[in-house]
Amino acid sequence: MFELIGVTDAGERERLCDQLYFETAKHFREIRIVEIKKQEQRTKSQGRGLRIDELALDVWDALSEDERLSIPEWIASNFAHDWLVTIPDGNPKLPEAEDMLDAATVFFSSTKGARATRFVCPTRAHAEVVYRLGKLGIRGDISLPNPAEKLQVELSRRLSSIDQRVDELARSRSTDESRIEDLAMLLKHWMIFGKPKNT
């Protein structure tokens, strides 16, 4: 091509070829940089555009049926209904396991200085489950199995699994730490109490 346009010197043609390759590579590199910047801007604007509850709904739809069960639903689906419990309001306190009188008792106190409600359970394992449910904020009627040792172990596993899963899911949807934390908290709330029907 260079010969056709009148460049007769071989050294000059080689220099022009090198220059042409350099300019072509530079051009494509600049286009790629612009494309990457646009992708980053799109990602950021999409991340800002979706609210936490919208992200949570997107994640919720991807969960398995078992993962969508609230803790009371999960207990009802997987364990016998031997002992009906009505978990009262208030902050639960559980005495030490070595306490000879109250090892199987959970105390629920509603206000400072007021007398605590004494909640006597059939076994220590039942007391630990009731305490754990009370600490989560689960209230009202729930049926527990007898014995409760298996539930006690499985409940700890379930809650630990929820913590890991919500962190993993939140991180798959955002890179912003505060959004990750908010999304994980909302998902955890839904996985413990159930997703509200109107959401």
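Residues numbered from 1 in each chain as written. Predicted model: local features only at pLDDT ≥ 70, side-chain atom pairs only at ≥ 80, totals over all residues. Heavy atoms only, no water.

## So, helix α3 (residues 71–78)
For an α-helix, the turn length of 3.6 residues means that residues three or four places apart are oriented alike. Every buried residue of α3 is accounted for by Ile 71, Trp 74 and Ile 75. The buried side chains of α3 occupy one side of the element, clustering within an arc of 100 degrees when seen end-on. In this structure, the buried side of α3 is in contact with α4 (124–136), β5 (140–144), α5 (149–173) and α6 (177–193). (Buried < 20%, exposed > 50% of the residue type's maximum accessible area, 1.4 Å probe, protein only. Helix = DSSP H or I, 4+ residues; strand = E, 2+ residues; numbered from the N terminus. Arc of directions from axis to C-beta. Contact = heavy atoms within 4.5 Å.)

## With respect to α5
With 25 residues, α5 ought to run about 36 Å at 1.5 Å a step, and its terminal C-alpha atoms sit 37 Å apart, in line with that. Taken together, the buried positions of α5 are occupied by Leu 151, Leu 155, Arg 158, Leu 159, Ile 162, Val 166, Leu 169 and Ala 170. Turning to α5, the residues buried within the fold contact α2 (52–62), α3, α4, β5 and α6. (Expected span 1.5 Å × (residues − 1).)

## Overview of the nonpolar core
Within the largest apolar cluster, 38 residues are counted, with the highest numbers of intra-cluster contacts made by Ile 71, Ile 75, Val 130, Leu 133 and Leu 144. Of all the secondary-structure elements, those providing two or more residues to this core are α2, α3, β1 (83–87), β3 (105–109), α4, β5, α5 and α6. Setting aside anything within four residues of it in sequence, one finds Ile 75 in contact with Leu 133, Ile 142, Ser 143, Leu 144 and Leu 151. (Core = buried A, V, L, I, M, F, W, Y, C linked by side-chain atoms within 4.5 Å.)

## Remarks on the packing of aromatic side chains
The tally for this structure, following the rule as stated, stands at 4 aromatic pairs. Seen from their ring centres, Trp 74 and Phe 79 are 5.4 Å apart, and the 75 degrees between their planes marks the pair as edge-to-face. Note on Phe 79: relative accessible area 13%, which makes it buried. Judged by centre distance (6.1 Å) and plane angle (80 degrees), the ring pair of Phe 108 and Phe 119 falls under edge-to-face. A residue pair is termed long-range when its members are at least 10 positions apart, and Phe 108 in strand β3 and Phe 119 in strand β4 (residues 117–120) qualify at 11 residues. (Phe/Tyr/Trp six-rings, centres within 6.5 Å; stacked < 30°, edge-to-face > 60°.)

## Overview of the pattern of salt bridges
Counting across every chain of the model gives 14 salt bridges. A salt bridge links Asp 53 to Arg 51; the shortest N-O distance between them is 3.0 Å. For Asp 53, a relative accessible area of 27% translates into the label partly exposed. Ionic pairing is found between Lys 188 and Asp 163, a salt bridge with its closest N-O pair at 2.8 Å. Here the residue Lys 188 occupies a position in helix α6, and Asp 163 occupies one in helix α5, the gap between them amounting to 25 residues. Residue classification places Lys 188 among the partly exposed positions, given a relative accessible area of 30%. For Asp 163, a relative accessible area of 37% gives the class partly exposed. Counted as one network, the salt bridges with shared partners bring together Arg 51, Asp 53 and Glu 54. (Salt bridge = Lys/Arg side-chain N within 4 Å of Asp/Glu carboxyl O.)

## Some words on unusual backbone geometry
Look at the link from Asn 146 to Pro 147: it is a cis peptide, with omega at 5 degrees. Among the secondary structure elements, Pro 147 is positioned in the loop between β5 and α5.

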